Amino acid sequence: MSDIRDLRPQPGRAASLPGLGEAARASALDTNKVLRNTYLLLSMTLLFSAAMAGLSMALRLPYFGPIVTLVGYFGLLFLTFKLRNSAAGLAAVFALTGFMGLTLGPLLSAYLTAVPNGSQLIMTSLGVTGVMFTGLSAYAVRSGRDFSFLRTFLTVGLIGMLLVIVVGLFVDLSAFQMAISAGIVLLMAGLILYDTSAILRGEQDNYILATVGFYVSIYNIFVNLLALLGVGGED
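The rules behind these values
Residues numbered from 1 in each chain as written. Predicted model: local features only at pLDDT ≥ 70, side-chain atom pairs only at ≥ 80, totals over all residues. Heavy atoms only, no water. Helix = DSSP H or I, 4+ residues; strand = E, 2+ residues; numbered from the N terminus. Buried < 20%, exposed > 50% of the residue type's maximum accessible area, 1.4 Å probe, protein only. Contact = heavy atoms within 4.5 Å. 1 Å grid on protein atoms, 1.4 Å probe; cavity = no way out; pocket = protein on both sides within 12 Å on 5 of 7 lines; lining within 4 Å. Points joined across faces, edges and corners; volume = space filled by probe spheres on them. Nonpolar A, V, L, I, M, F, W, Y, C, P; charged D, E, K, R; others polar. Polar contact = N/O pair within 3.5 Å; in protein donor to acceptor, adjacent residues only side chain to side chain. Phe/Tyr/Trp six-rings, centres within 6.5 Å; stacked < 30°, edge-to-face > 60°. Lys NZ or Arg CZ within 6 Å of the ring centre and 35° of its normal. Core = buried A, V, L, I, M, F, W, Y, C linked by side-chain atoms within 4.5 Å.

It is worth spelling out the overall build of the protein chain at this point. Scanning the protein chain from terminus to terminus reveals 7 helices and 0 strands. Ordered by position in the sequence, the α and β elements of the protein chain form the string α-α-α-α-α-α-α. Going through the 235 residues of the protein chain one by one, you find that 35% of them count as buried. Long-range contacts, defined here as pairs at least 24 residues apart, represent 84% of the contacts in the protein chain between residues at least 6 apart.

Following this line, the structure appears as structure tokens:
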């Protein structure tokens, strides 16, 4: 029979659990893979969306209207969610982001033709949006902070945003445009922190859904920054 002293921890010897280190490394590799695939797909969808916006401007497509925009957006969003675990999900992501690019084209055309400094406003909004996303996402990654405490705030904010959109279909809310746009930018900034943190925590392991989340945040930040700059300049 072996001496029971052999089973006791020895001074200077660190106790370890077999396979624990390997599991931690595997988890970190999976997280990095999701993050890398998300950023790669996001870059591709942003470029595709920009190309579709350019096509919309070249064809001089009219404004789609809120009903068509919302039905198309939520319909393609639902399709992407249903196909998130298949190769067809990638096609759904590009369909969604391409559609949003088409709806963005008429707005950009209006700024370029009706606003004296429209091109400057667009480029400024685009640059600030890029800096915001890069800075917020990098901060969440480098700090390693858990932003799950934002969940309640973001949930209430998203519900409020949807209510504002619905009310805006029937009531003129232009007098509150600056406050609404500023609130949406703040809400989307919080979503970027939360979504990045969710990937790092392993709560979000589907890069298709993660890409859609980031894209929607970037899209809304850009559009509402453009509105803020336009209203601020009395255009």
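Next up on the list: unusual backbone geometry. Its identity is not glycine, yet Arg 60 carries a phi of approximately 55°, on the positive side. Inspection of the secondary structure puts Arg 60 in the loop between α1 (20–58) and α2 (66–82). Residue Arg 60 is classed as exposed on the basis of its relative accessible area, which comes to 74%.

Attention now moves to the layout of surface pockets. Once rolled over the atoms, a probe with the size of a water molecule shows which space is left empty. Of the pockets and cavities examined, the largest pocket occupies roughly 1,800 Å³. Along its surface, the largest pocket is lined by 49 residues, and Leu 70, Met 161, Ile 165, Tyr 219 and Asn 220 are the ones closest to its centre. Elements with a contribution of two residues or more to the lining of the largest pocket: α2, α3 (88–114), α5 (151–168), α6 (177–201) and α7 (207–232). The element that contributes the greatest number of residues to the lining of the largest pocket is α7, accounting for 15 residues. Split by residue class, the lining of the largest pocket holds 35 nonpolar, 12 polar and 2 charged. Residue lining of the second largest pocket: 22 residues in total, with Leu 46, Ala 50, Leu 126, Ile 218 and Phe 222 positioned closest to the centre. Mapped by element, the contributors of at least two residues to the lining of the second largest pocket are α1, α3, α4 (118–143) and α7. Here the lining of the second largest pocket gets 9 residues from one element, more than from any other, and that element is α1. Residues belonging to the lining of the second largest pocket are distributed by class as follows: 16 nonpolar, 6 polar and no charged.

Relative to the assigned elements, Thr 38 resides in helix α1. At 2.7 Å, the side chain of Thr 38 and the backbone oxygen of Val 34 are in polar contact. Contacts of Thr 38, omitting those with residues within four sequence positions, involve Ile 199, Tyr 207, Ala 210, Thr 211 and Phe 214.

This part takes up the packing of aromatic side chains. All chains considered together, the criterion is met by 9 aromatic pairs. Centre to centre, the rings of Tyr 39 and Phe 133 are 6.4 Å apart; their planes meet at 85°, and the pair counts as edge-to-face. A residue pair is termed long-range when its members are at least 10 positions apart, and Tyr 39 in helix α1 and Phe 133 in helix α4 qualify at 94 residues. Given a relative accessible area of 26%, Tyr 39 falls into the partly exposed group. An aromatic cluster is defined as three or more aromatic residues linked by ring pairs; in this entry it consists of Tyr 39, Phe 133 and Phe 214. Across from the ring centre of Phe 81, 4.2 Å away, lies the NZ or CZ of Arg 84, which sits over that ring. Between the NZ or CZ atom of Arg 201 and the centre of the ring of Tyr 194, over which it lies, the distance is 5.8 Å.

Turning our attention to the environment of Val 141. Counting through the fold element by element, Val 141 comes out in helix α4. Under the relative-accessibility criterion, Val 141 is labelled partly exposed at 35%. Ignoring anything within four residues of it in the chain, the contact list for Val 141 reads Leu 35, Tyr 39, Thr 196 and Leu 200.

Turning next to the nonpolar core. Counting 45 residues, the largest nonpolar core has Met 100, Leu 108, Met 188 and Leu 226 as the members making the most contacts within it. Where this core is concerned, the elements lending two or more residues are α1, α2, α3, α4, α5, α6 and α7. Looking at this core element by element, the count peaks at 13 residues for α7. If near-sequence neighbours (up to four positions away) are discounted, Met 188 is found in contact with Leu 158, Met 161, Val 216, Ser 217, Asn 220 and Ile 221.

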